[in-house]
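Tertiary structure, described
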Amino acid sequence: QVQLVESGGGLVQAGGSLRLSCAASGLTFSRYGMGWFRQAPGKEREFVSTISWTGGRTDYADSVKGRFTISRDNAKNTVYLQMNSLKPEDTAVYYCAAHLVGWGSTNDGEYDYWGQGTQVTVSS
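The structure contained in this document is the topic of the report that follows. Everything numeric in this text was worked out from a predicted model, so none of it was measured. (Residues numbered from 1 in each chain as written. Predicted model: local features only at pLDDT ≥ 70, side-chain atom pairs only at ≥ 80, totals over all residues. Heavy atoms only, no water.)

**Re the overall build of the protein chain**
Scanning the protein chain from N- to C-terminus turns up zero helices and eleven strands. Over its C-alpha trace the protein chain gives a radius of gyration of 13 Å, about what one expects of a compact globule, namely 14 Å for 124 residues. For the protein chain, the spread of C-alpha atoms along the three principal axes comes to 40 × 25 × 25 Å. Here the protein chain, with 124 residues, has 44% of them falling under the buried criterion. (Helix = DSSP H or I, 4+ residues; strand = E, 2+ residues; numbered from the N terminus. Rg over C-alpha atoms; globule rule 2.2 N^0.38 Å. Buried < 20%, exposed > 50% of the residue type's maximum accessible area, 1.4 Å probe, protein only.)

Put into structure tokens, the structure is as follows:
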């Protein structure tokens, strides 16, 4: 049974930082591209960042470039999202997802497994 469990969300002031973690089990983690998506109240889920199975390729939404960094530790079956200079518009539930093809993707429809999400709230 595949499980993706996010952690690290919380309440932070604008300009602050958080690091999200997503621990994977039940799959061969090193074969999966991983992604982070988010969904704000009343809005559709949107792409945030993705990383290939080796970590050698990453991609970011324009809205988070230069502020967020995705990384992974295949020995720990974990993907991270370091979020700096947070803004109120970053407030959302953040989800991690696993993509079997391995390259990662900006398209949420291509992901095979999803976590339950972790809430990030940025106050102004």
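From this point, the narrative continues.
**Here we look at the state of the cysteines**
Within this structure, the stated rule accounts for one disulfide. Each sulfur in the disulfide pair Cys22 and Cys96 lies 1.9 Å from the other. Here the S-S torsion is close to 40°, and the disulfide linking Cys22 with Cys96 is therefore right-handed. Of this pair, Cys22 sits in strand E3 (residues 18–25) while Cys96 sits in strand E9 (residues 92–99); the two residues are 74 residues apart in sequence, bridging distant segments of the chain. This pair shows no difference in class: Cys22 is buried, exactly as Cys96 is. (Disulfide = S-S within 2.5 Å.)

**Considerations on the pairing of E3**
A regular strand carries its side chains on alternate faces of the sheet. Sheet topology places strand E1 (residues 3–7) next to E3; five bridges connect them, and they run antiparallel. Looking at E3, one finds that Glu6 is bridged to Cys22. Judged from the six bridges that link them, E3 and strand E8 (residues 78–83) form a sheet pairing that is antiparallel. Residue pairing for E8: Leu20 is matched across the bridge by Leu81. (Pairing = 2+ DSSP bridges.)

**Some thoughts on the nonpolar core**
Met34, Trp36, Phe68, Val79, Leu81, Met83 and Tyr94 are the most contacted members of the largest nonpolar core, which has 33 residues in total. Here this core gets five residues from one element, more than from any other, and that element is E9. (Core = buried A, V, L, I, M, F, W, Y, C linked by side-chain atoms within 4.5 Å.)

**Observations regarding the sheet that holds E3**
The sheet built from four strands is open, its strands ordered E1-E3-E8-E7 with antiparallel pairing. Of all the strands in the sheet, the pair left with one neighbour each is E1 and strand E7 (68–73). With direction set aside, neighbouring strand axes in the sheet form an average angle of 15°. (Axes fitted to C-alpha atoms, helices over the stretch in contact; angles between N-to-C directions.)

**Digging into the pattern of salt bridges**
By the definition in use, this model includes five salt bridges. A salt bridge links Asp90 to Arg38; the nearest nitrogen and oxygen atoms lie 2.9 Å apart. In this pair, Asp90 sits in the loop between E8 and E9 while Arg38 sits in strand E4 (residues 33–39), placing the two residues 52 residues apart along the sequence. An identical accessibility class is assigned to Asp90 and Arg38; each is buried. (Salt bridge = Lys/Arg side-chain N within 4 Å of Asp/Glu carboxyl O.)

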